[in-house]
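# Coordinate analysis (summary)
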Amino acid sequence: MSVVRNVLVIGGGFSGSCAAIELRKAGIDVDLVEIDPGWRSYGAGITLNGATLRALGEVGVLPEIVAEGGCSDGVEIYTADGHKLTELPTSRLAGPDVPGGGGIMRPVLAKILSEATRRSGTQVRLGCQATSVDQRDEQVQVAFSDAARASYDLVVAADGARSGMREKLFPTAPKPVYTGQGVWRAVIPRPREVQKAAFFMAPRLKAGVVPVSHTSMYLFITEDRPTNAHVREDELLPQLRALLDQFTAPIPLYVRSVLNADSHIVFRPLESLLLPAPWYQGRVVLIGDAAHASTPHLAAGAGMGIEDSVVLAQELKNASSLEQALASFQRRRWPRCRLVVENSVRLGEIEQTGGSKEEHANIMRESMIAMAAPF
Ligand SMILES: Cc1cc2nc3c(=O)[nH]c(=O)nc-3n(C[C@H](O)[C@H](O)[C@H](O)COP(=O)(O)OP(=O)(O)OC[C@H]3O[C@@H](n4cnc5c(N)ncnc54)[C@H](O)[C@@H]3O)c2cc1C
């Protein structure tokens, strides 16, 4: 028996979808509201590290991810001109038969999770948001934009890095901060020689390709930029090509040759946020990017939100009171999420200042070991 009977999840991103699925498994009635009427996911591919695959295994969607994504073991590291420096091992955290890492198109992952959410018995309302959230009488009274009203034992806010619920609950909380780097991404056909993730290191630029299916891969380039200014649509292709000019290894050269005016190119300035604990107030709790949004240096942001969902449902099921469940959730999640946010920021700082490669490698290693530990 859980300490709550019914829950409202605000936001149907990766964190909110997984929360709904996990809460339903704990026997809790779940309503989920998602502001986007099309429940779409934007952007290119996403890297799923071993810990993220393990968390998705807990949620129960691993077979679909392995079938539709591009999973493999290890990450190859090259110089910009194609000299192989090393291959980093990736532990098989999701089980002996599941590779240690991989990638998938964001819309594909979102579809897998939205279908699993609906199958779980969650009542989903799209194009809908909470217009007032009022905590009283051991309940949360919620009014919605579709004129509905309902009361809940708990509200889970998974409404992302620009969370409106965070603003409401913690008006003085820090906001996402620009970290001085931006990431370029594009999806391209995958040549046969790309069997696993491969990174290419130029003096002040990092590029990589990650398989996201049997036939495609995504390119990323992390670039230092003094401001978080928007890049005009007509500038995306020439600027990305100019960055690729710094790489002469065969794979980046191939990528440059296939990019064209129809390529779907995304540029995103990087931001970071760590909400100080506690991430809850009364009967409202924040999870995922709403509480901890990290830059992609450890490719772990989505994984941390998915882990939040699993841990929250476990605590609600096992604790003897809601207060105890939320305190225990916070205790378990704080060290891991803080490590991912802070170490990701530090990796970006080292890259921008041309700092110690040894410190960079040590932080990567320490982070991989910490993320591999049970959560
Ligand atoms: C450039 C970049 C690259 C990244 N690469 C990786 C990677 O390779 N691997 C990785 O693990 N992580 C990566 N991340 C991090 C990852 O994308 C995020 O951590 C993850 O998507 C957060 O999921 P979320 O569900 O918490 O939030 P979001 O994805 O932001 O979802 C929030 C949802 O809430 C909805 N919403 C918002 N407001 C309301 C409202 N008022 N009412 C109802 N619904 C609302 C939104 O429409 C959205 O669907 C990357 C991030 C960036 C910026």
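A short tour of the structure in this document, coming up. Along each chain, the written sequence defines residue order, and numbers are assigned to residues from 1. Two thresholds apply to this predicted model, a pLDDT of at least 70 for residue-level local features and 80 or more for giving and counting side-chain atom pairs, whereas whole-chain, interface and lining totals are computed over all residues. Where side-chain values are given, they derive from all heavy atoms of the structure, hydrogens and water being excluded.

## Quick look at the site of the ligand
Here, proximity means that at least one heavy atom of the residue falls within 4 Å of the molecule or strand. Close to the ligand lie 28 residues, the nearest being Ser15, Glu34, Thr47, Arg106 and Asp289. Interatomic distance of 3.2 Å between a backbone N/O atom of phenylalanine 14 and an oxygen atom of the ligand. What qualifies as a polar contact is a pair of N or O atoms within 3.5 Å, subject to a donor-acceptor requirement within protein and to the restriction that residues adjacent in sequence count only when both atoms come from side chains. Within the backbone of alanine 302, a nitrogen or oxygen atom sits 3.0 Å from an oxygen atom of the ligand. Only the protein chains shown count as cover for residues, and all accessible areas are computed by the Shrake-Rupley method using a 1.4 Å probe. The fraction of the free accessible surface of the ligand (1000 Å²) that becomes covered by protein chains is 83%. Under the scheme used here, helices are H or I runs from DSSP no shorter than 4 residues and strands are E runs no shorter than 2 residues, and both carry numbers assigned from the N terminus. Here the shell around the ligand gets three residues from one element, more than from any other, and that element is helix α8 (residues 301-318). We call Asp, Glu, Lys and Arg charged. Ala, Val, Leu, Ile, Met, Phe, Trp, Tyr, Cys and Pro are nonpolar, and the rest, Gly among them, are polar. Tallied by class, residues from the shell around the ligand come to 13 nonpolar, nine polar and six charged.

## Description of empty space enclosed by the protein
A 1.4 Å probe that fits but cannot get out identifies a cavity on a 1 Å grid over protein atoms alone, an open set with protein on both sides within 12 Å along at least five of seven lines counts as a pocket, and a residue lines either if it has an atom within 4 Å of a point. Grid points are joined across faces, edges and corners, and a volume is the space filled by probe spheres set on the points. Tallied over the entire structure, the rule returns one cavity of 30 Å³ or more. In this structure, the largest cavity occupies an estimated 30 Å³ of space. What lines the largest cavity is simply Phe200, Ala207, Gly208, Val209, Leu219, Ile251, Pro252 and Val255. For the lining of the largest cavity, the elements supplying multiple residues, two or more each, are β15 (205-211) and α7 (250-258). For the lining of the largest cavity, the class distribution of residues is seven nonpolar, one polar and no charged.

## Regarding the pattern of salt bridges
Any Lys or Arg side-chain nitrogen located within 4 Å of an Asp or Glu carboxyl oxygen qualifies as a salt bridge. Summed over the entire model, instances satisfying the criterion amount to 26 salt bridges. Residue lysine 84 pairs with glutamate 87 through a salt bridge whose shortest N-O separation is 3.2 Å. Residue glutamate 87 is classed as partly exposed on the basis of its relative accessible area of 33%. Categorising residues by exposure relies on relative accessible area from a 1.4 Å probe, with only protein chains included: less than 20% of the type maximum marks a residue as buried, more than 50% marks it as exposed, and the intermediate range marks it as partly exposed.

## Concerning the pairing of strand β10 (residues 139-144)
Extensive coverage of β10 is indicated by the burial of five of its six residues. Two strands qualify as a pair provided that DSSP identifies no fewer than 2 bridges between them. Note: strand β9 (residues 130-136) against β10, six bridges, orientation antiparallel. For glutamine 135, the partnering residue across the bridge sits in β10 and is valine 140. Linking β9 to β10, which pair antiparallel, is a turn of two residues; within it aspartate 137 sits at a positive phi near 50 degrees. Inspection of the sheet shows β10 paired to strand β11 (residues 149-152) by four bridges, in the antiparallel sense. For valine 140, the partnering residue across the bridge sits in β11 and is tyrosine 152. Between β10 and β11, which follow one another and run antiparallel, lie four residues, and alanine 147 among them has a positive phi close to 80 degrees.

## Structural notes on the layout of surface pockets
Roughly 290 Å³ of volume is contained in the second largest pocket. Considering the residues around the second largest pocket, the lining is formed by 15 residues, among which Glu233, Leu236, Ile265, Val266 and Phe267 are closest to the centre. Those elements that place two or more of their residues in the lining of the second largest pocket are α6 (236-244) and β17 (265-274).

That's the geometry; what it means functionally is another story.
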